[in-house]
Every structure is written in C-alpha cells, then in structure tokens.
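Tertiary structure, described
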Amino acid sequence: MPKIKGKDEVVIFANTLWFILNFKKSLIDELLKKGYGVKILFLRIGPVFNLEEEFINQKENLSIYPFMYFCFHILKKEIQSRRANGRKILLAFTISPIILSSLPLFYSYEKYATLEGLGRVFTSKYIIFRILRRFVERIYKFLFLRIYKSVFVLNHVDFSYMLENNILPISKINVIPGTGINKQIFNPLNIFKLRLKRGIIDKNHILDKSNMFVTYMGRISVDKGFYRFLSSALSLIDDSKYSDLKFRIVAPLKDIEILSEDLKTFLKRKNFVVEKYLKDPLTYYASALLIVLPTTYGEGLSRVALESGLLGIPVAAMNNRGISSLFMDGILGEITLDSEPYGFTKIIKKILDNYSQYSTLRESTYINLAEKYGDEASTNSVLSILEKLNT
C-alpha cells in the first residue's frame, strides 16, 4: 500500500500536564507556528488543575491526552497513521515517559529524551535509590544507544556524568539552557510594580521587610531539604538578632494536606505561614525576602532559582548539580557546600546582614540571564537540534 503524505507531528510526553503547560508553552507555540501537529501526553495532572482550558482554546493542531486514554483510544489511529510519511518526533521528559516511549506504540517516532536533572534516583543517599540507580543506568544505556536519536541535559555536570558512566556517546548528547523562562513575566519591573501596589515597597524604593518572608518553595520532602530548612529557621528564631523574621512554606496542596497533625501544630505554634502553589507565582515572590533552596539531590536547573534570579530576589542554596552555573551567571544570593543546617543558616545570615548588596540586580546581569535562559533561548536550542538531525 502506498505511503500517504502526512503532517509533521511532535508528541510531548511528561509526567504531569502542569509541567508541560507551564514550561513548554513557548516550544509548543513555535512548533505550531512551523506547521507541526502537536500532541501532549501526560501521566497525571500535577499540582495545579484546570490549566489546559485557557491554553488549548483556539489552538488548532493541538491535542491533549492522558497517557492511558491515548493508549486505549488512539492506538488504532496511530497504527494506521504509520502509512503516512510525515516526520514524527517524540520528546520525552523524566524517567517514566522516557522508558514508556520505548513501547511499540511509538515505533515510528524519532525519539529525543530530556533529562530535567538526574534527580533523586541518581543522587539520593538512600540505599533503595542507589540500587534503583544501577537499574535505571542500564535501561538508559540501552534506550539511548538503540532507540533515542539524541538526549538533552540542562547542565554540564549531567553532561559529564553521562559520559563518565558510559551511558551514551558524546555525539548523542546536547546541553540546552533549561526549560525556558518567560522574561515578560519574570523581570524586575513586574516585581517592583506588584510590590508598589501592595505597599511592600514605598515611593522611595524602600522595602518594608517586616512584611516579607524567608520563603521555602518546593515539595515537602527530605530530598528537597524541607527539614533542613525547618532546622535553619528555628536557629534563626532562637537568635535575638533574627527573631522577628517571618517564615513561609509554599508547597503543592497534596503535600500540605498529608502533613502530620503534630507537624501542623508545630508550624502553627512557631508562626510559619503555609501556602499552596498558585498559578501566578509572582503572588508569593512579591513578598519573598529571600528564597531558600536546601535541595540535597541533583536538580538539572532549578526553576525556582532561575525565576528568583530574573526577579532580583536573593537565593540561599545548597550546592547541587545545576544551580552552581546560575550563580556563575549572576543570580543574587549565596551557595554553600556545607550540608549541615548550620552551614545553611550561615549563608542566610550573610544575605540578611548585607541585604542591599544582595537585592540589587544589575541590568546587565538581568539581560545576560534572560538571553541565556529565556524561553527563546531554550526553544531555539531544541528546534535547531531537531532541524539539524532531520536526516
């Protein structure tokens, strides 16, 4: 039976719909502009619901499917469409989608894996993850050598790790500048306007730090450093010089809901503010005195650190795979190699004691960060590689 000329198609497959619609909008828009049909596959919704309605409205050639629905209801059409000779590309993000993309269902697709950091499996000290790491390394090596056309990583530490452990050849690995940040949203002018509107900053550009929070933003988990944050916060509260500080936890609603009653009582007694993730993160960035990132596992390129960097909010961070490059590029704050809570407390104090120095973002630094890590840079990097490998 003769081949039928079909539309070029890109499938974007990730763990959560939230991740795709928050961090891949620019890529999707550019693919649609270039005439590709785009399908979004996801395993679960993610921390914020009802994201797809505003995004998919009036967008032709864009479809959104839960993975299981896609498997059971679209499989027949996919098999029939193999007769069409349009280019078919699959972009898979994180472990589960990368492995599932090897199913026969996706046989006719060019496959590209993006490692959004090597994550807990590769860097956690827990023995279960150490065992799992060896297993995943073998799977990756097989898939990347035989099934995937190319692999994207977000930092040069992950780049070297893949080569040092002989997981894939250097010809198949590419470093891209993160997931992309919308500089129209994340910029110093927007945060200034919002702070002015809320009375956090006055007409003389003086911050009312008494109404701002030392803010932890992330999952409530050991690997995210949540309990190290609590320990550091308590040591600051017990220090008379810093006892008036306000502390805030911003986390997914499901993490907040499963907190033990004992921990909820403790946080309430110590006056911690606990807030759920919102669609508009500027809401809590505006009142953030500084952002703390005590993550202990290897993130690819911390989204929170990058957003804070573009907004000019100082960051206190534990050193891990991707974040050191952001400090080299000029984000405000301090990084520590000390994994103990007191080491983390030390850099928080350093920032607070010299706050004017750590809260003034130079225009040249902002431009460098925006050009290097913005949506355009990330999207253009991926598209240029896809076009280069169109053989």
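Everything discussed here concerns the structure shown above.
Values in this document were obtained by computation on a predicted structure and should not be read as measured data. (Residues numbered from 1 in each chain as written. Predicted model: local features only at pLDDT ≥ 70, side-chain atom pairs only at ≥ 80, totals over all residues. Heavy atoms only, no water.)

Burial along strand β12 (residues 315-318) is two-sided: the residues Val 315 and Ala 317 and Ala 316 and Met 318 are all buried. Bridge count between strand β11 (residues 288-293) and β12: three bridges; the pairing is parallel. Across the sheet, the residue bridging to Leu 293 is Ala 317, located in β12. Two elements, β12 and strand β13 (residues 333-336), share four bridges in a ladder whose sense is parallel. Note that in β13 the partner of Ala 316 across the bridge is Glu 334. (Buried < 20%, exposed > 50% of the residue type's maximum accessible area, 1.4 Å probe, protein only. Helix = DSSP H or I, 4+ residues; strand = E, 2+ residues; numbered from the N terminus. Pairing = 2+ DSSP bridges.)

The strand order across the open sheet built from six strands is β10-β9-β8-β11-β12-β13, with neighbouring strands paired in parallel fashion. Here the strands that pair on one side only, and so sit at the sheet edges, are β10 (273-276) and β13. Between one strand axis and the next, the sheet turns by 20° as a mean value, whatever way the strands run. Direction of pairing for strand β8 (residues 213-217) relative to β11: parallel, over a ladder of four bridges. Paired with Thr 215 across the two strands is Ile 291, which belongs to β11. (Axes fitted to C-alpha atoms, helices over the stretch in contact; angles between N-to-C directions.)

On to the sheet that holds strand β5 (residues 110-115), then. Taken in spatial order, the seven strands of this open sheet run β3-β2-β1-β4-β5-β6-β7, and their pairing is parallel. Since the sheet does not close on itself, it has two edges, and those belong to β3 (62-66) and β7 (173-175), each with one partner. Taking the axes of each pair of neighbouring strands and ignoring which way they run, one obtains an average angle of 20° across the sheet. Both strand β2 (residues 37-44) and β3 contribute to a ladder of five bridges, which runs parallel. Bridge assignment links Val 38 to a residue of β3, and that residue is Leu 62.

With twelve residues, helix α10 (residues 226-237) extends 17 Å from end C-alpha to end C-alpha; this agrees with the ideal 16 Å at 1.5 Å per step. Taken together, the buried positions of α10 are Phe 226, Phe 229, Leu 230, Ser 232, Ala 233, Ser 235 and Leu 236. Elements that come into contact with the buried residues of α10 comprise β8, β9 (246-251), α12 (261-269), β11 and α16 (341-353). (Expected span 1.5 Å × (residues − 1). Contact = heavy atoms within 4.5 Å.)

This paragraph deals with the side chain of Ser 26. Among the structural elements, Ser 26 can be located in helix α2 (residues 25-33). Separated by 2.9 Å, the side chains of Ser 26 and Thr 379 make a polar contact. (Polar contact = N/O pair within 3.5 Å; in protein donor to acceptor, adjacent residues only side chain to side chain.)

This part covers the pattern of salt bridges. Counting across every chain of the model gives 13 salt bridges. Of the charged contacts, one joins Lys 241 and Asp 353 as a salt bridge, the two residues approaching to 3.4 Å between their closest N and O atoms. In this pair, Lys 241 is assigned in the loop between α10 and β9 and Asp 353 in helix α16, connecting sequence segments 112 residues apart. Look at Asp 353 and you get partly exposed, because its relative accessible area is 40%. (Salt bridge = Lys/Arg side-chain N within 4 Å of Asp/Glu carboxyl O.)

Here we come to helix α8 (residues 156-164). Those residues of α8 lying buried are Asp 158, Tyr 161 and Met 162. One side of α8 holds all its buried residues, which, seen down the axis, span an arc of 95°. α8 presents His 156 and Glu 164 as exposed residues on the side facing more than 90 degrees away from its buried surface. Where α8 terminates, the next one or two residues include Asn 166, which has phi positive at roughly 55°. (Arc of directions from axis to C-beta.)

What follows deals with a nonpolar patch on the surface. Taken together, the side chains of Ile 127, Ile 128 and Ile 131 make up a nonpolar region of the molecular surface, amounting to roughly 340 Å² of accessible area. In this fold, Ile 131 is placed in helix α7 (residues 127-146). Overall, Ile 131 belongs to the exposed group, its relative accessible area being 55%. (Patch = residues over 30% accessible without salt bridge, like charges linked within 9 Å, V, L, I, M, F, W, Y side chains within 5 Å. Areas by Shrake-Rupley, 256 points an atom, 1.4 Å probe, with all protein chains shown as cover.)

Okay, the side chain of Ser 287 next. With respect to the helices and strands, the residue Ser 287 is situated in the loop between α13 (282-285) and β11. Assessed through its relative accessible area of 8%, Ser 287 is described here as buried. Side-chain polar atoms of Ser 287 contact the side chain of Arg 248, separated by 2.7 Å. Sequence-distant contacts of Ser 287, defined by excluding residues within four places in its chain, comprise Ile 200, Asn 211, Met 212, Phe 213 and Arg 248.

With respect to the helices and strands, the residue Tyr 36 is situated in the loop between α2 and β2. Expressed as a C-alpha distance, the spacing of Tyr 36 and Arg 87, which sit 51 residues apart in the sequence, is 9.1 Å. Apart from residues no more than four positions distant in its own chain, Tyr 36 is found in contact with Lys 7, Asp 8, Glu 9, Val 10, Leu 31, Asn 61, Arg 87 and Ile 89.

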